[in-house]
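# Examining the three-dimensional arrangement
Listed below are the residues making up each chain.
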Amino acid sequence: MFIMRLSSSVFALLCLMCEVLSIALFLRGFFPVPVKSSVSSKSKVSDLPAEPLKGSGTNSSESPGPVFRRVVILLVDALREDFVFGSDGRRFMPYTRQVVERGSSHSFIAKARAPTVTMPRIKALTTGSIPGFIDVVMNLNSPALLEDNLIWQAKNAGKRIIFYGDDTWVRLFPKHFMEQDGTTSFFVSDYTEVDNNVTRHLDDTLKRDDWDILILHYLGLDHIGHISGPHSSLIGPKLTEMDDIVKKIHAALISKESEGTLPNLLVLCGDHGMTETGSHGGSSEPEINTPLVLISPAFRRKGGFEVPGVLEQVDLMPTLALGQGLPISKNSVGRLIPAVFEDLSLRDQLRFLQLNGHQLSCLLEDNNPTFHKEDGYELFRVAEKSHGSWMKLYMDGNTSEVLGNMGKKVLKQYLEALKAMSSALSKQLGKYDMYSMIMGMILVLQVLILLLLAMPEALSREAVVDIPLAASLFSLPFYLLCLLGSALHVLICTSAGGLCYLCSLPWVLVFTLIILASALMCALVAMAARRMPTSTKTPTKGSGWTLSELDVVLLVGTVGHTLSLASSSFIEEEHQTWFFLLNTLCLAVFQDVCRKYFREQEEGGEEESFSSFSPAVELGMSAGSEKWLALATPLLTLTCCRLLRSLNHTGVQWAHLPDFGHWLNSGDHKMFLSLLAALSLALIFLLIQRHCSLVSKIALALGLLGVYSYRAAVGNVLFPWQHSSRAVSKGTVEARFVYVFVLGILFTGVKDLLRAQLTSSGGDGGRLKSRGLWEVYSGVVLLVALLFRAHNLPTLACCLLIQTVMAQFIWKRLHYDAAQTTIMHYWFGQAFFYFQGNSNNIGTVDISVGFVGLESYVEAPAVILTALSTYAGPLLWAFHLLCYLTSQRHRAVMGLGHGSYCFALLRSIPAVFYVVLVTGLRYHLFIWSVFSPKLLYEAMHTLITTAVCLCFTFMDQDRSGRL
């Protein structure tokens, strides 16, 4: 039998690559296609239904004329409802509050749907549809919007549209605007020029009469939120600036009013809100609640403040469409805002409601095979008949009170029908591509089973895995499975009508996928059959390995955490699970230290022959005192972890409570934050410099000084001679100063790694490789220090401190093997992911770090820096493991293979479990608010782990006889 031998690291890397492919296929099928009309064309006036008449020979298919002459949409990015309707609105937006309380206006709280990021929200506002959750990924590169939308309808009707602001609109609607000036929305460090670029056009535009719709998208408030949160001292002046804009536009529109013309309309709204940390993307109340203020002389003046009503954000689209005399977009799930049209004649009101109901009923027919059983659909048909009876009396000239009461009854029936149909359509976000999901699920399950079957070989002393290539690719079952898979694909494609993703791919790609699935299945069967004779033996890891107490803790903890993901509450508060597991691990290690140093007879002459650095010796302490340092290490780790838990509250239940990070970031404690940041940077230097050459030590010291200078430049910390909180600059020069030293240290490390490849001497090559890795690690630490917020620098310092003491007094002294060390590194990496303030909510992703040192938005570095900052914890611990295992020169090859395999297995278990879980819970109430963000995090974490295993494979140099 032809067998291919792979090193454990190469085998793990190939498995993870297959898993990434499988998860990508699953994601493509899981994130549903949004509800859309089966007709791809746009709505037309000629397609409007006739006005329901009975007893009359004339039918009218025309829509009532426009209600408003001009419309100005003032969209303030990240405008929370309390910024207008709360105490902040009364304090910083006095003119807007006066209009809301006593002006001709209507006020509402418009609820946005997750994901609460800009591009999906713009799509919702212009199409009336609910974008799919995957649009959060597309937010970085918005394609042109091809489906029916308000902007296209307005342009097609000859409306002249002007736009200034976020260039996402320009990308979504190319060639739609008569005049435009787009500003990048991703350069969050700028909150001044980004708004001035909009305002500078305002005076001239308001004086002109050559436009019908003016759209202004202000970004400064959102950028301030990302930089310093919703309670920053910068928020008030920005809200006041927006209040002045409202006043200017309102005054200009009033001055343009004239007798005999239609009134104008000013719309003040937000696309989404922001959390207490200034981020957005999830479904918490501060993120989804946005203000909607409609101001027009067409509305009756208020006599006092009224509690704003609550509606869906998508309701604005059909209201604006009919208010401008335009057809409603075919894919809209919104319903008219009745208050906007309450001063019109009853006939016009009923006609508007009929048009909205007809559009919703058509969309319901296209997306629900049992539409006729829906309550809303039946109510609409009843209302339409009642409308016809009312029209008969109206056309006959009946003016009695009966006509008015009957009309109000019909209006109420229409409103109930619209509410029911809109709710039914909103719940049906889309249709899952089950074919793609099942194929992706089968592949990830096969990869996990393959990893489990290969465990004895992958964790052996040779660290190699034998793959039965002949049974996988040259056996009769393989060919039969390929034929069966091809037949099933043809059957599914012909029965599904080509609606699934796999059916739209070229046959070569699909057949390659079928071959992969068939080969994996045959390999699994062959490997399982090979294990059968030895299945009754005790599992081995190396030789003579048995489960210790620590192994039981690691095994039970990993499996227990995976099973806990079945609950939405455990997903929201997953950090609590990792904090508990970390505490348990520290106690298990403490027990191991006590047993080895105080219960067992110490062997004489036991010295650390493979470590060139001993803290006890350098401090002038005796070798015997190291056992006390080892005893103190778990306790020190527990103390650090407890302090870090108080630094950033994360999750959902307690995220709103003030934490130590909030206290540090308040203006009154900037001096304390400055001192803490300086001490953290000094500790980082002391812990990292010991592995570096003299040149790298100097570069590291200057780089960390540059980190502090950058934070002082942006106003986070103070220099000793700086007595005001005024920012010296935007920090671009200081950040680039740090980047120079990061590149210098990385270059030095890479140079040593390349020299190690060319060195024939094994000892010299190993030392060069180890030193090169540590220097590359130092460069990564310096880059992370630059990206971390000032209050998070203690997190990085504690991370390095724990790594140092655990490496010297626990992993080396207690002789933990590579598998145990890898699992502990993985646990620490996961815990530090949450210590940073991350969660399973997209709103905690800090996108501002993607623009450190940049003067404009550049997509590639922005994405890389954001990913590096978000996953800094897992990456730093994985990189430290690579450096640590490489430094163990007597078992480096075996250790690297074992480490890579354990990383792959630890990542595959929760990924597979979660893929199966979300498939079963795809109709769960929290599928979009809780499970979908977690699925995206799992996918990204798998991709990061694949990159880590690629580094392990590259450093695994002893590949003689292996691939």
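Residues numbered from 1 in each chain as written. Predicted model: local features only at pLDDT ≥ 70, side-chain atom pairs only at ≥ 80, totals over all residues. Heavy atoms only, no water.

### A closer look at the overall build of the chain
In terms of regular secondary structure, the chain is built from 39 helices and twelve strands. In the chain, which comprises 963 residues, the proportion classed as buried is 58%. The long-range fraction of contacts in the chain, counting pairs at least 24 apart against all pairs at least 6 apart in sequence, stands at 78%. In the structure as shown, the chain presents an accessible area of about 39500 Å², 63% of it carried by carbon and sulfur atoms. (Helix = DSSP H or I, 4+ residues; strand = E, 2+ residues; numbered from the N terminus. Buried < 20%, exposed > 50% of the residue type's maximum accessible area, 1.4 Å probe, protein only. Contact = heavy atoms within 4.5 Å. Areas by Shrake-Rupley, 256 points an atom, 1.4 Å probe, with all protein chains shown as cover.)

### A few points about unusual backbone geometry
Of note in this structure, Lys175 is not a glycine but carries a positive phi near 65°. By the secondary structure assignment, Lys175 is in the loop between helix H8 (168–172) and strand E6 (179–183). Using a relative accessible area of 78% as the deciding quantity, one classes Lys175 as exposed.

### Here's the deal with the environment of Ala939
By secondary structure assignment, the location of Ala939 is in helix H39 (residues 927–955). On the accessibility criterion, Ala939 (18% relative accessible area) is buried. Excluding residues within four positions of it along the chain, Ala939 makes contact with Ile23 and Leu27.

### Regarding helix H28 (residues 626–645)
Compared with an ideal rise of 1.5 Å per residue, which puts 20 residues at 28 Å, H28 spans 29 Å between its outermost C-alpha atoms and is within 8% of the ideal. The largest bend in H28 is about 30°, located at Thr633, with the proline Pro634 one to four residues further on. Buried residues of H28: Glu626, Ala630, Leu631, Thr633, Pro634, Thr637, Cys640, Cys641 and Leu644, and no others. (Expected span 1.5 Å × (residues − 1). Bend = angle between axes of the 7 residues up to and from the residue.)

### A look at the sheet that holds strand E9 (residues 289–295)
The strands that make up a sheet are held in pairs by hydrogen bonds between backbone atoms, and each pair lies either parallel or antiparallel. Spatial ordering of the open sheet is given by E6-E5-E7-E3-E8-E9-E4-E10, a layout of eight strands whose pairing is mixed. On the outer flanks of this sheet lie E6 and strand E10 (309–312), each paired with one strand and no other. Neighbour to neighbour, the strand axes of the sheet diverge by 15° on average, direction disregarded. Summarising the sheet, strand E5 (residues 161–166) and E6 pair through five bridges and their orientation is parallel. Looking at E6, one finds that Ile162 is bridged to Glu179. (Pairing = 2+ DSSP bridges. Axes fitted to C-alpha atoms, helices over the stretch in contact; angles between N-to-C directions.)

### Description of the packing of helix H30 (residues 670–688) against helix H31 (residues 694–713)
Contact geometry of H30 with H31 gives a least axis separation of 10 Å together with a crossing angle of 165°. One element, H30, and the other, H31, form an angle in the roughly antiparallel class. As H30 runs across H31, the sense of the crossing is right-handed. Facing H30, whose interface residues are Ser674, Ala677, Ala678, Leu681, Ile684, Phe685 and Ile688, H31 presents Lys697, Leu700, Ala701, Leu704, Val707 and Tyr708. Residues that form the contact of H30 with H31 fall into these classes: eleven nonpolar, one polar and one charged. (Parallel < 35°, antiparallel > 145°, perpendicular 65-115°, else oblique. Left-handed = near helix turned anticlockwise from the far one by under 90°. Nonpolar A, V, L, I, M, F, W, Y, C, P; charged D, E, K, R; others polar.)

### Quick look at the nonpolar core
Of all hydrophobic cores here, the largest spans 164 residues; its most connected members are Phe11, Phe30, Ile684, Tyr777, Leu782, Leu796 and Trp811. If one sorts the elements of this core by residue count, helix H34 (residues 793–811) sits on top with 14 residues. Judged by nonpolar contacts, the second largest core, of 69 residues, contains Leu145, Ile161, Leu353 and Phe380. (Core = buried A, V, L, I, M, F, W, Y, C linked by side-chain atoms within 4.5 Å.)

### Quick look at the confidence of the model for the chain
On average, residues of the chain score 84 in pLDDT, and 87% of them reach the 70 mark or higher. Confidence drops under pLDDT 50 across residues 54–59; counting only partners more than four residues distant or on other chains, this segment forms eight contacts. Confidence over residues 601–615 falls short of pLDDT 50; this stretch has 20 contacts with residues more than four positions distant or in other chains. (pLDDT = per-residue confidence, 0-100.)

### Here's the deal with the pairing of strand E3 (residues 71–76)
Along E3, six of the six residues are buried, which leaves the element largely enclosed by surrounding structure. Neither face of E3 is left uncovered, since the one carrying Val71, Ile73 and Leu75 and the one carrying Val72, Leu74 and Val76 both have all their residues buried. As defined by bridge partners, E3 adjoins strand E7 (residues 213–218) across six bridges and the pair is classed as parallel. Across the sheet, residue Leu75 finds its bridge partner in E7, namely His217.

### What to know about the pattern of salt bridges
Throughout the structure, instances matching the rule amount to 29 salt bridges. A salt bridge links Lys111 to Glu285; its shortest N-O distance comes to 3.4 Å. Linking Lys111 in strand E4 (residues 105–111) with Glu285 in helix H13 (residues 285–288), this pair joins segments that are 174 residues apart in sequence. Overall, Lys111 belongs to the partly exposed group, its relative accessible area being 23%. Residue class for Glu285 comes out partly exposed when judged on its relative accessible area of 44%. Linking Arg208 and Asp210 is a salt bridge whose minimum nitrogen-to-oxygen distance equals 3.1 Å. Residue classification places Asp210 among the partly exposed residues on the basis of a relative accessible area of 29%. (Salt bridge = Lys/Arg side-chain N within 4 Å of Asp/Glu carboxyl O.)

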